[in-house]
Amino acid sequence: MDTPTYSQQLTSYSEQIRALLSKIEVLVSDNNADEAQPFLDALNAQIKQWCEGNDIPSEEELKSIQLRINTILVKANCAKNESSKAIIKHKKSGKAIKAYRAT
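1. Things to note about the packing of aromatic side chains
Argument step 1. All told, the structure shown has one aromatic pair when counted by the stated rule.
Argument step 2. On the numbers, 5.7 Å between centres and 10° between planes, the contact of Y13 with W50 is stacked. Here Y13 is found in helix α1 (residues 6-29), whereas its partner W50 is found in helix α2 (residues 37-52), with 37 residues between them in sequence.
Argument step 3. Given a relative accessible area of 17%, Y13 falls into the buried group.

Structure below.
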C-alpha cells in the first residue's frame, strides 16, 4: 500500500477540518448548536493530530481555521442572545397576562 504524500495528508486534514467546520456552522445556523459538541471534539482532535504530526500546518492555514471558528462563534452568540431576548419577552408577556387575569 502506498504511503500518503505530504500534499495528500495536508489535503486530507484540510478537507476533514473544513467538513467538520461546515457541519458545526450548519448546526449553529439551524439553532442546534447544542448538538455540535461531538463535531467540536472531532475538530479539536483533528487539529491536534495535524499539529503534532510530521507535517504541521502553516501559520496561514491555522489563521484561516481560527477565522472560521471565530465567525461561527459570533453567529452562535448572536443566536444565543436572540433566544435569551425571546425567552425574556415570553416571560414578561406571561406575567402581564397573569396580572391582567388577576384584576
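2. Looking at unusual backbone geometry
Argument step 1. With a phi close to 60°, N31 is a non-glycine residue in the positive phi region.
Argument step 2. For N31, the position within the fold is in the loop between α1 and α2.
Argument step 3. Overall, the relative accessible area of 57% leaves N31 in the exposed class.

3. Focus on the environment of T71
Argument step 1. By secondary structure assignment, the location of T71 is in helix α3 (residues 59-102).
Argument step 2. Judged by relative accessible area, which is 37%, T71 ranks as partly exposed.
Argument step 3. C-alpha of T71 to C-alpha of E25: the two residues are 46 residues apart in sequence and 9.0 Å apart in space.

4. As for the pattern of salt bridges
Argument step 1. Applying the stated rule across the entire model yields four salt bridges.
Argument step 2. In this structure, R68 and E25 form a salt bridge, with 3.2 Å as the shortest nitrogen-oxygen distance. Of this pair, R68 sits in helix α3 while E25 sits in helix α1, and the two are 43 residues apart along the sequence.
Argument step 3. The partner of K63 in a salt bridge is E59, and the shortest N-O contact between them spans 3.0 Å. Taken together, the residues K63 and E59, both in helix α3 and four residues apart, mark about one turn of the helix. Across the pair, exposure class does not vary: K63 and E59 are exposed alike.

Definitions and limits used
Residues numbered from 1 in each chain as written. Predicted model: local features only at pLDDT ≥ 70, side-chain atom pairs only at ≥ 80, totals over all residues. Heavy atoms only, no water. Phe/Tyr/Trp six-rings, centres within 6.5 Å; stacked < 30°, edge-to-face > 60°. Helix = DSSP H or I, 4+ residues; strand = E, 2+ residues; numbered from the N terminus. Buried < 20%, exposed > 50% of the residue type's maximum accessible area, 1.4 Å probe, protein only. Salt bridge = Lys/Arg side-chain N within 4 Å of Asp/Glu carboxyl O.

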